[in-house]
Amino acid sequence: MIKFGDQSKKVAPVAAPAVPTAIMPARHRTGWKSDVAHNIQFDDPPAVIVTEVEVDNWKPAIKTLGGLRDKRERRSKAWGDDELKVLHLIALYGQKSTTQKQPSRLDNKKANQEYDSTPVWVRGTTLLVMMYEMIVQQAVSFDYAPQALTISVANEPRALWVNISQDVFSTVNHLRAEGMIELLKSPTPNSLSSWAVSLTDDGRELLQYADTKMLSVVTTIAHGGLKPIPANLVKVTWSDKEDGSFRLTRAGKSKLSAFSSPEDISYVTSPFLPEALRNHSRGYLPTTKLSHRVAEAARGLQNTKAKLSEKLVFSSVSVALCEWLPFDTTQMSQLNDRTGAQDRCRGFVDLIAANDNRIRIRTLDFDYEKYINFEAESQLEEQSGIVQVEQFGVHIRADGTALYGLQIEAMMLRLADYVSAGMLARMVVDVQEDSSIIMHDMMSPTQQDQIETVMGPRNYTKRRKLVAIFAESIKPRLRAAMYTDGRGLENEIAQMLGSVEVATEISADLLLFIGNGGILLVGTEGKTPEVEQQVLPYIALRARDVATRQVFWRCMEISKLMEEQRLALRDLNETPDRLDTIRETCTRQLLYLRDMDRSCSQLVVGMGTVLMPPVPGRGSPLEKLHNLLNCTNLHEGLAVRLQSLNRLLTRTRSQVVEMQRMMLLMNRPSFIRTGNFTIMRGHNLAVKSYKVCGSIDNSLFVFKCTSTAIAGWMLVDRLGGGRILAGVNHTPDWISWLADLTKAPGAVLFLSMFWIAFWLMFVFAMSNVKAHSSLPLRRRVKTNCCINAKAFKAYLRPKKILSMTSGARSSGEGTMRTARWQETSRRFWKNCPPTVEVTYSADRG
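Residues numbered from 1 in each chain as written. Predicted model: local features only at pLDDT ≥ 70, side-chain atom pairs only at ≥ 80, totals over all residues. Heavy atoms only, no water.

Looking now at the overall build of the protein chain. Assigned secondary structure in the protein chain consists of 20 helices and 28 strands. In the protein chain, which comprises 845 residues, the share counted as buried stands at 45%. Contacts spanning at least 24 positions in sequence make up 67% of the contacts within the protein chain whose residues lie at least 6 apart. In the structure as shown, the protein chain presents an accessible area of about 44900 Å², 54% of it carried by carbon and sulfur atoms. (Helix = DSSP H or I, 4+ residues; strand = E, 2+ residues; numbered from the N terminus. Buried < 20%, exposed > 50% of the residue type's maximum accessible area, 1.4 Å probe, protein only. Contact = heavy atoms within 4.5 Å. Areas by Shrake-Rupley, 256 points an atom, 1.4 Å probe, with all protein chains shown as cover.)

Next comes the structure, spelled out in structure tokens:
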């Protein structure tokens, strides 16, 4: 074995293949510092590093991730422990169980699990829940933060706040890029998308060379500390208890996972409203500053279950959350009246909501029919020990744009100059839910119905909002491209913004990051009114895009439901009682479509008055920001989608109306009369069939008796020698004694009658057995006559009563009583005493 790099032996180096930077994995780009394998600093794209080569059979394999090395060493060293643990977890949940142990490919390792090598798909939700449990138990060095997640529960979308690790997504993407796993995406019945992963042959081979001791902690957590067999594997299921959560079940025992329970921290925030939204001309009031209350956050607690990562730290952070709400000029004037915007003394006003939530607001400035700016103080109850001094500025416009702004003063023991990305992500989720509750209480009942219709009755408090974060500085300060390393730094930003799409420098001072959940600007220039005028219209349009998607998904659900009801009408003759259920469903869906049509109309009307960014001059520093955000194209595309959505609503409404017209032609009383007539005719047919079967049984009984008599006579004749029918002239020796007996006068007749009597008794016995073993006959008779209730009670006294129930009916029949008893006279009922049930009116008989 010759090791290249040894000074005593010189070997010509192997040239590295050219790898384009655009397709190179993020962790191999310029400036990336490997935290997985060797901690090597790359200033240029990595060259091939030769570690060791066998001289006898020199067939080096070139690999751009780390260089040229032996296959076994490469697979054991080129991957980090956390990546191998994720791969091992996928292997445990992605294999079928079997009764035979699979031997290991390595001689020095013994297989201790009973698994089949056939791969199966592992649901993404299961992987996220189990990875969260591993992070909490410190099995992997990943970080997590609460984020919004929509899952499908019983074909119904359910919005949740879950603790998701962006490190898991980056690891899954890396494993997929290297061919270790495969990714599958499939649509759900409610138009959502679910994903799953499966282990490939390369990934299974890679695990063969991993350290078994290192992977044992994953095996222990996946099996709940029990023996590593498939029966003890922890199963992840959904439970509707406690507002919905995931349940972990193993070996008959289960517990609720904290995966869907967002963590709270203590913080102090002051109201924040961008200067671009303020009106200094009439009644301007500055926002309140709460920097003097920062000590309260230090005295508060937090309920985080793992140590938070602080790879990125911001200073002087302002947060703006934006969403679309169903507002118009009329609703805006009602909101101004309710908040007391026109009062002479505009101090804090306490509002009592329908659910006894107290909201303190103070109007800052307003236009009666266009907008309102006010401060709101959250007084919602928090967990014991959690201190949240939460005041935020609120901007509501008549076009439906709603913005909530906060200036962070302190988080736990950290002041405004040290705000970590993990704590910031937890605070943003908490503010999203609190602002949803507060605004839901401040809206009119019509607006509340619209929000609950579009988002769902269980999801309106967890509706998604676009976030815009303004920070003066960031530590460490790097170039924008260096933050998108596909690892820790990018994952920290993804905790706040979602998947990072754009990272660039607008100027020497201003950094811009755009994700699918919002936007982040770092630099002192980010809080200027000129930059705010470019950013705020962008998040307002993105918020309208989220509302448009929700209306579309809801419309698709109603369309599918109408197809199911149409199929149910085909079986209406068999189940006429379902007509009321179908009618109620159509009526309810029409109400939903009314609210959705109103929301779509408000979205279309608001597109004409929504804020649009001013076009900066050529060569201006804001020109690059304006071109990246591209609000004009976003506005045009959204307008086209709203027109298509309006046509989709029209078609869906026509489906529901057509269903109602079909039900008008189907009169329920006629269906009931048809059903009763069918039941009566079926009863008559059953009675006649019973009579016919009785006559057939009698004929068959006569035939049986005749056949038995003939058979008995023939048998006696044969036993006697067969002189009458068989024509036999001699008698066998073994039956000669019976032949002598039959010579006596009347002996043959006596034996024949005895044999016939024996077989007739046998036939009667079999008939009784058949009668008792057959199915019971139920007969229902309805009589329109009165009975003597007192005499009927006296008749029931000697009976064997099984049950006696009473109940009132709405048809005016009074108290209805049902008596059920067992008859005991076997003689009267011919050995089959029945069970009788009578329903009568206890008042009128």
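Here the focus is the sheet that holds strand β5 (residues 122-123). Read from one edge of the open sheet, three strands run β5-β9-β8, paired in antiparallel fashion. Edge positions in the sheet fall to β5 and β8 (181-187), since each has one partner strand and no second. Judged from the seven bridges that link them, β8 and strand β9 (residues 193-199) form a sheet pairing that is antiparallel. Counterpart to Ser186 in the pairing with β9 is Ser194. Here helix α2 (residues 81-93) sits on the sheet and contacts β5, β8 and β9; the angle it forms with β9, its principal contact strand, is near 95 degrees. Relative to the sheet, helix α4 (residues 166-177) contacts β8 and β9, its axis offset from that of β8 by approximately 115 degrees. (Pairing = 2+ DSSP bridges. Axes fitted to C-alpha atoms, helices over the stretch in contact; angles between N-to-C directions.)

Attention now goes to the sheet that holds strand β11 (residues 245-250). Across the sheet, three strands lie side by side as β10-β11-β12; this open sheet has antiparallel pairing. Each having just a single partner strand, β10 (235-239) and β12 (253-256) make up the two edges of the open sheet. Ignoring which end each strand starts from, the neighbouring axes of this sheet average 30 degrees apart. Direction of pairing for β11 relative to β12: antiparallel, over a ladder of four bridges. Bridge pairing links Arg247 to Leu256 in β12.

As a further point, take the pattern of salt bridges. One pass over the structure, following the stated rule, counts 19 salt bridges. When the shortest N-O distance is used, the salt bridge between Glu323 and Arg463 registers 2.6 Å. Residue Glu323 is located in strand β14 (residues 313-324), and its partner Arg463 is located in the loop between α10 (445-455) and β22 (466-475); the two are separated by 140 residues in the primary sequence. Across the salt bridge formed by Asp399 and Arg397, the nearest N and O atoms sit 3.7 Å from each other. You'll find Asp399 and Arg397 in the same group, each marked buried. A cluster of three or more residues bridged by salt bridges with shared partners is formed by Glu323, Arg463 and Lys465. (Salt bridge = Lys/Arg side-chain N within 4 Å of Asp/Glu carboxyl O.)

This brings us to the packing of α2 against helix α3 (residues 124-136). Two elements in contact, α2 and α3, have axes whose closest approach is 11 Å; the angle formed by their N-to-C orientations is 130 degrees. Relative to α3, the element α2 is oriented oblique. α2 and α3 meet at a crossing whose hand is right-handed. Facing α2, whose interface residues are Lys85, Val86, Leu89, Ile90 and Tyr93, α3 presents Thr126, Leu127, Met130, Met131 and Met134. Of the residues that constitute the contact of α2 with α3, the class distribution is eight nonpolar, one polar and one charged. (Parallel < 35°, antiparallel > 145°, perpendicular 65-115°, else oblique. Left-handed = near helix turned anticlockwise from the far one by under 90°. Nonpolar A, V, L, I, M, F, W, Y, C, P; charged D, E, K, R; others polar.)

Counting residues in each nonpolar core, the largest one holds 61 residues, and the members touching the most others are Phe314, Ile396 and Leu424. With ten residues, helix α9 (residues 421-442) is the largest single contributor of residues to this core. Once residues within four sequence positions are removed from consideration, Leu424 is found in contact with Val317, Val319, Ile408, Met411, Val419, Ile469 and Met496. (Core = buried A, V, L, I, M, F, W, Y, C linked by side-chain atoms within 4.5 Å.)

With the rule as written, the count across this model stands at twelve aromatic pairs. Ring centres 6.0 Å apart and planes at 65 degrees place the aromatic pair Tyr132 and Phe259 in the edge-to-face group. Taken together, the positions of Tyr132 in helix α3 and Phe259 in the loop between β12 and β13 (267-271) put the pair 127 residues apart, joining distant regions of the chain. Judged on exposure class, the residue Tyr132 and its partner Phe259 are both buried. With centroids separated by 5.2 Å and ring planes inclined at 80 degrees, the aromatic side chains of Trp238 and Phe246 adopt a geometry described as edge-to-face. Of the residues examined, Trp238 reaches a relative accessible area of 24% and is grouped as partly exposed. (Phe/Tyr/Trp six-rings, centres within 6.5 Å; stacked < 30°, edge-to-face > 60°.)

A separate point is helix α6 (residues 212-222). Among the residues of α6, those classed as buried are Met214, Leu215, Val218, Thr219, Ile221 and Ala222. An end-on view of α6 places all buried positions within 165 degrees of arc, on one side of the element. The opening residue of α6 is Asp211, an N-cap whose side-chain oxygen sits 3.3 Å from the backbone nitrogen of Lys213. (Arc of directions from axis to C-beta. Polar contact = N/O pair within 3.5 Å; in protein donor to acceptor, adjacent residues only side chain to side chain.)

Here we come to the pairing of strand β6 (residues 145-153). For β6 and strand β7 (residues 156-164), the ladder comprises nine bridges, and the chain directions are antiparallel. Residue pairing across strands places Leu149 opposite Leu160, the latter belonging to β7. The hairpin turn running from β6 into β7, its antiparallel successor, is two residues long, and Ala154 in that turn takes a positive phi close to 55 degrees.

For the rest of this paragraph, the subject is the packing of α10 against helix α13 (residues 529-570). Axis separation between α10 and α13 bottoms out at 8 Å; the angle between their running directions is 70 degrees. Taken together, the axis directions place α10 and α13 in an arrangement best described as roughly perpendicular. Residues Thr453, Val454 and Met455 of α10 lie in contact with α13, whose contacting residues are Ala547, Gln550, Val551 and Arg554. For the contact of α10 with α13, the per-class residue count stands at four nonpolar, two polar and one charged.

To continue, consider the pairing of β9. Where a strand is regular, its side chains alternate between the two sheet faces. Bridge count for β5 against β9 is two bridges, and the pairing is antiparallel. The residue bridging Arg123 from the neighbouring strand is Ala196, located in β9.

Moving on, we get to the environment of Arg176. Mapping Arg176 onto the fold places it in helix α4. Classification of Arg176 by relative accessible area gives partly exposed; the value is 46%. Sequence separation between Arg176 and Gly203 is 27 residues; the distance between their C-alpha atoms is 9.7 Å.

This part covers a nonpolar patch on the surface. A surface patch of nonpolar side chains, amounting to about 400 Å² of accessible area, comprises Phe758, Trp759, Phe762 and Met766. Positionally, Phe758 belongs in helix α19 (residues 747-773). The partly exposed category is assigned to Phe758, whose relative accessible area is 46%. (Patch = residues over 30% accessible without salt bridge, like charges linked within 9 Å, V, L, I, M, F, W, Y side chains within 5 Å.)

Note that Gln565 resides in helix α13. Discounting residues that sit within four places of it in the chain, Gln565 has contacts with Ile582, Thr585 and Met659.

With that settled, consider the environment of Val419. Counting through the fold element by element, Val419 comes out in strand β21 (residues 419-420). Since its relative accessible area comes to 1%, Val419 is described here as buried. Residues Val419 and Val317 lie 102 residues apart in sequence; the distance between their C-alpha atoms is 7.6 Å. Look past the residues within four positions of Val419 in its chain and what remains in contact with it is Leu312, Val313, Phe314, Val317, Ile408, Met411 and Leu424.

The next subject is unusual backbone geometry. Following Lys475, the chain continues into Pro476 via a peptide bond in cis, with omega recorded as 0 degrees. Inspection of the secondary structure assignment puts Pro476 in the loop between β22 and α11 (480-483). At Met412, a position not held by glycine, the phi torsion is positive, near 55 degrees. Along the chain, the position of Met412 falls in the loop between β19 (401-411) and β20 (414-415). Residue classification places Met412 among the buried residues on the basis of a relative accessible area of 12%. Within the chain, Asn630 stands out as a residue other than glycine whose phi angle is a positive 50 degrees.

Glancing now at the confidence of the model for the protein chain. Here the protein chain averages 78 in pLDDT, and 77% of its residues register 70 or above. In the model, residues 1-69 has pLDDT below 50 throughout and makes 94 contacts with residues more than four positions away in sequence or in other chains. Here residues 97-115 is modelled with pLDDT under 50, and outside its nearest four sequence neighbours on either side it reaches 40 contacts, counting other chains as well. (pLDDT = per-residue confidence, 0-100.)

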